[in-house]
Amino acid sequence: MLPYTLHITRKAVKNINLRIKRDRAIAVSAPLAMSDEAIHSWIASKEKWIQRTLSDMPEMIPFSYTDGERHSLLGKPVTLQIQNDVPEGINETGATLCIDASVPPEKRAALFASFYARRLNSILEALIDAWVPVMGVSPSSIAIRPTISQWGSCNVRTKRLSFSLDLAAKPISLIEAVVVHELCHLLERKHSPRFYHLVNTCLPDYKEKIKALASFPREFW
């Protein structure tokens, strides 16, 4: 089993929650009245998921966003170049991603993330527009945020979909699998047999695509 550090805090919350942090530590927030025994029993019930998620987390690469650095965009490798007179401060040309030399080093990461978010948003909107009439669902909005252990999520009540910014590093066909997964939650809330029947009906190779996500480099943690 993979080792990890466990941090437990009690908060004024109704439900116990768990998240995996960027340093691979496990952070658990539990209701104030929940006993130690109940907390550790709940954590033990999540052990298989914890181990699976940790094993899928590749080594963190400390990016510096300097000239010649290699990155991944929509499943393809791109080389970062620092150049003069780059439109809008950042621009993609083939296998090269250029950042204007006037952008201070400490602001390059934010500019980089903003560029990836815009590219991902356009892909997500196109995929959702294609699948909504097929599935007969109506999501209210989409959001993109940096996440560690989730590629996407769906708020069934508000019909709001959220997607990991790191998907911008993956091929479009794999992003599509995540989109279909979250849209299916608008038809079936839980990960029930019916849910997976719906997903596999839409994408017969869904399982292989979701598994392949972890094989591509991660850009954002």
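Attention in this report is confined to the structure presented alongside it. Everything quoted here is computed from the prediction, not taken from an experiment.

Moving on, we come to the packing of aromatic side chains. Within this structure, the stated rule accounts for seven aromatic pairs. Site record: aromatic cluster; members linked through ring pairs are Phe63, Tyr65, Phe112, Phe115, Tyr116 and Phe220.

Although it is not a glycine, Leu74 sits at a positive phi angle of roughly 50 degrees. Position of Leu74 among the secondary structure elements: in the loop between strand 4 (70-73) and strand 5 (76-83). Its identity as a non-glycine residue notwithstanding, Glu88 has a phi of 60 degrees, on the positive side. Owing to a relative accessible area of 72%, Glu88 belongs among the exposed residues under this scheme.

The next point concerns the environment of Ile8. Along the polypeptide, Ile8 turns up in strand 1 (residues 6-11). As for Ile8 and Ile39, which are separated by 31 residues in sequence, their C-alpha atoms are 8.7 Å apart. Beyond its immediate stretch of four places on either side in the chain, Ile8 contacts Val28, Ile39, His40 and Ile43.

We now examine the sheet that holds strand 6 (residues 90-93). What the four strands build is an open sheet, ordered 4-5-7-6; its pairing is mixed. A single partner strand is all that each edge strand has here, and the edge strands are strand 4 and strand 6. On average, each strand axis in the sheet is inclined to that of its neighbour by 35 degrees, with strand direction left out of account. Relative to strand 7 (residues 96-100), strand 5 is paired through five bridges, and the arrangement is parallel. By the bridge assignment for strand 7, Leu80 is matched with Leu97.

One pass over the full model with this rule turns up six salt bridges. Taking the shortest distance from any N to any O, the salt bridge between Lys170 and Asp166 comes out at 3.0 Å. Each member of the pair Lys170 and Asp166 is classed as buried. One continuous salt-bridge network, built from bridges that share partners, spans Asp166, Lys170 and Arg218.

Attention shifts here to the pairing of strand 6. In summary, the side chains of a regular strand alternate between the two faces of the sheet. Bridge analysis of strand 6 against strand 7 gives four bridges, and the strand direction is antiparallel. Paired with Thr93 across the two strands is Thr96, which belongs to strand 7.

A separate point is the state of the cysteines. The final tally for this structure, using the stated rule, is zero disulfides. Not part of a disulfide, Cys202 finds its nearest cysteine sulfur in Cys184, a span of 4.7 Å. According to the relative accessible area criterion, Cys202 is partly exposed, its value standing at 22%.

Turning next to the nonpolar core. Within the largest apolar cluster, 45 residues are counted, with the highest numbers of intra-cluster contacts made by Leu97, Tyr116, Phe163, Ile175, Val179 and Leu183. Where this core is concerned, the elements lending two or more residues are strand 5, strand 7, helix 3 (105-135), strand 10 (160-164), helix 4 (172-184) and helix 5 (193-202). Residues Ile20, Val28, Ile39 and Ile148 belong to the second largest nonpolar core, which totals twelve residues.

Within the span of helix 2 (residues 47-56), buried status applies to Glu47, Ile50, Gln51, Thr53 and Leu54. Along the axis of helix 2, the buried residues cluster in a sector spanning 165 degrees; they form a single face. Check the buried side of helix 2 and you find it contacts strand 2 (17-20), strand 3 (26-31) and helix 1 (36-45).

Spatially, the three strands line up as an open sheet ordered 8-10-9, and their pairing is mixed. Of all the strands in the sheet, just strand 8 (141-145) and strand 9 (152-155) have a single pairing partner and so form its edges. With direction set aside, neighbouring strand axes in the sheet form an average angle of 20 degrees. On the sheet, helix 4 packs against strand 9 and strand 10 and is oriented at approximately 150 degrees with respect to strand 10.

Thresholds, definitions, all that
Residues numbered from 1 in each chain as written. Predicted model: local features only at pLDDT ≥ 70, side-chain atom pairs only at ≥ 80, totals over all residues. Heavy atoms only, no water. Phe/Tyr/Trp six-rings, centres within 6.5 Å; stacked < 30°, edge-to-face > 60°. Helix = DSSP H or I, 4+ residues; strand = E, 2+ residues; numbered from the N terminus. Buried < 20%, exposed > 50% of the residue type's maximum accessible area, 1.4 Å probe, protein only. Contact = heavy atoms within 4.5 Å. Pairing = 2+ DSSP bridges. Axes fitted to C-alpha atoms, helices over the stretch in contact; angles between N-to-C directions. Salt bridge = Lys/Arg side-chain N within 4 Å of Asp/Glu carboxyl O. Disulfide = S-S within 2.5 Å. Core = buried A, V, L, I, M, F, W, Y, C linked by side-chain atoms within 4.5 Å. Arc of directions from axis to C-beta.

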